[in-house]
Amino acid sequence: MEITPDHLVLLRWGFAQLNATIVYTWAVMLLLVLASWLATRRVAWEEPRSVWTKTLEAIVCGLRSQIREISGGNGADEYLPFIGTLFLFVAICNELEAVPGWHAPTGSLSTTAALALCVAVSVPVFGIRKVGLKGYLHHYMSPTVLMLPIHVMSEISRTMALAIRLFGNIMSGSMVVAVLLALVPLFFPVLMQVLGLLIGLIQAYIFAVLAMVYIVAAVRRQEEVPREQELKGEQTNG
Amino acid sequence: MDSSTWIGITSIAASAVCMGIGAVGPALGEAKALGQALSSIAQQPDEAGSISRTLFIGLAMIESIAIYCFVISIILIFANPFWNHTIAAMPGKAGGI
């Protein structure tokens, strides 16, 4: 039994091989780009909008309102491209599990590790853009320098947790269906597959929300630093 | 009994114990978190949105512990490195040298 689509090699060319994960990831990317291009191809103020455009608008507005709630009002549009892409990609990967013969790319640890690494890199990028390098590095030293290894360890472990959570949930869903197909092939696997679709959507939501929470936590913590310094300055002045 | 039998027995027993014990702790934690969240929503229905969002994040965190146990069980059963090593080192068997 295969526990990851990485082992499913579709094409071998020299030492390079094209496995199912890469192919299905390309398929999802193509689908997303094509769908958004087709939906936003002819948008004008005067004409009534098509169903596809409205659907896309509803999705983007929902994402933006969720991000605004978590980030506390300001700068939602700054995070929307990254968080929205993460959510849409993971959600489409998981939901296409309903298509027969589909291997969700998120059921492979390499895909989820790559997504989690994107989140791990984006946290300092957003943080440094907000307060600068010095302010960002300061939060590793707060409250004392002794906390430095613990801060670093928590960043590594939460990145790992992000990757393994998504991988484990999706992999376990397809694995349970495969085991049930061998035991009770008639009706029960369908129910588990429906549950798997629900879990896939929830995991996509959780992945995006956790990425947002990590970014917001970093940005907010760094906003507190100058405020503390201001307070100290006022105390010394007064 | 040779070493491959022992590895098979211990892998399956260990994965069963890992999944069994690993499910108990997160289940208790999730039950407690859900109960608290429900009583908070009953007290303050206006805050239902933010409570349930925080609850989702917390449940995902707790759930990931159970998922770690599940991943280790799956690795022990389907992709056991010790088992593969023993089978590969065994002469005259399938997948041997």
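Our structure is the block above this text.
The following refers to the structure shown. The shown structure was predicted, so the numbers you read here are calculated from the model rather than taken from an experiment.

What follows covers the overall build of chain B. A count of helical and extended segments in chain B gives 3 helices and 0 strands. Element order for chain B, N to C, with α for helix and β for strand: α-α-α. What you see for chain B is a C-alpha radius of gyration of 21 Å, clearly larger than the 13 Å of a compact globule of 97 residues, by over 25%. Along the first, second and third principal axes, the C-alpha set of chain B runs to 70 × 20 × 10 Å. Out of the 97 residues belonging to chain B, those deemed buried represent 11%. Once local pairs closer than 6 in sequence are excluded, the contacts in chain B between residues at least 24 apart make up 74%.

Here we take up the environment of Ile75 of chain B. Residues and elements named next belong to chain B. Within the secondary structure, Ile75 sits in helix α2 (residues 48-78). By C-beta crowding, Ile75 is classed as partly exposed, having 14 other C-beta atoms within 10 Å. When the C-alpha atoms of Ile75 and Ser15 are compared, they prove to be 8.7 Å apart, with 60 residues separating the residues in sequence.

Each turn of an α-helix holds 3.6 residues, which means side chains three or four residues apart point in the same direction. Residues and elements named next belong to chain A. Taking 1.5 Å of rise per residue, 30 residues should cover 44 Å, yet helix α4 (residues 109-138) covers just 33 Å from first to last C-alpha, more than 12% shy of that figure. When the local axis directions of α4 are compared, the greatest deviation, roughly 115°, occurs at Gly132. Leu109, Thr111, Thr112, Leu115, Ala116, Val119, Val123, Phe126, Gly127, Val131 and Tyr136 are the residues of α4 that are buried.

All names here are of chain A. Within strand β1 (residues 9-13), only 0 of the 5 residues are buried, which leaves it mostly out in the open. Here 4 bridges tie β1 to strand β2 (residues 16-19), and the two strands are oriented antiparallel to one another. Bridging from a neighbouring strand, Leu11 pairs with Leu18 of β2. Connecting β1 to the next strand, β2, in antiparallel fashion are 2 residues, including Gly14 with a positive phi near 65°.

Turning next to the nonpolar core. All names here are of chain A. Leu86, Val90, Phe207, Ala208 and Ala211 are the most contacted members of the largest nonpolar core, which totals 39 residues. For this core, the secondary-structure elements that each account for two or more residues are α1 (20-39), α3 (76-95), α4, α5 (148-183) and α6 (188-237). Sorting elements by how many residues they give to this core places α6 first, with 11 residues. In this structure Phe207 touches Leu86, Val90, Leu162 and Leu166, once residues within four positions along its chain are discounted.

What follows deals with the packing of helix α1 (residues 3-43) of chain B against α2 of chain B. Residues and elements named next belong to chain B. Axis separation between α1 and α2 bottoms out at 8 Å; the angle between their running directions is 175°. Judged on the interaxial angle alone, α2 and α1 are roughly antiparallel. A class-by-class count of the residues in the contact of α1 with α2 yields 21 nonpolar, 9 polar and 2 charged.

Between the first and last C-alpha of α2 of chain B there are 42 Å, a value that for 31 residues agrees with the 45 Å anticipated at 1.5 Å per step. Inspection of α2 of chain B places Ala60, Glu63, Ser64, Ala66, Ile67, Cys69, Phe70, Val71, Ser73 and Leu76 of chain B among the buried residues, and these make up the whole buried set.

Let's shift gears to the packing of α1 of chain B against helix α3 (residues 81-89) of chain B. The relative placement of two packed helices comes down to the angle between their axes together with the axis-to-axis distance. Residue and element names in this part refer to chain B. Close contact between α1 and α3 brings their axes to 10 Å; oriented N to C, the two are set at 165°. By the angle between their directions, the pair α1 and α3 is classed as roughly antiparallel. Remark: the crossing between α1 and α3 carries left-handed chirality. Mapping the contact onto sequence places Ser3, Ser4, Ile7, Gly8 and Ser11 in α1 and Phe82, Trp83, Thr86 and Ile87 in α3.

Rules and cut-offs
- Residues numbered from 1 in each chain as written.
- Chains lettered and ligands numbered in written order.
- Predicted model: local features only at pLDDT ≥ 70, side-chain atom pairs only at ≥ 80, totals over all residues.
- Helix = DSSP H or I, 4+ residues; strand = E, 2+ residues; numbered from the N terminus.
- Rg over C-alpha atoms; globule rule 2.2 N^0.38 Å.
- Buried ≥ 20, exposed ≤ 12 C-beta atoms within 10 Å, placed from the backbone.
- Contact = placed C-beta atoms within 7 Å.
- Expected span 1.5 Å × (residues − 1).
- Bend = angle between axes of the 7 residues up to and from the residue.
- Pairing = 2+ DSSP bridges.
- Core = buried A, V, L, I, M, F, W, Y, C linked by C-beta atoms within 7 Å.
- Axes fitted to C-alpha atoms, helices over the stretch in contact; angles between N-to-C directions.
- Parallel < 35°, antiparallel > 145°, perpendicular 65-115°, else oblique.
- Nonpolar A, V, L, I, M, F, W, Y, C, P; charged D, E, K, R; others polar.
- Left-handed = near helix turned anticlockwise from the far one by under 90°.

Nothing here speaks to function; it is geometry throughout.
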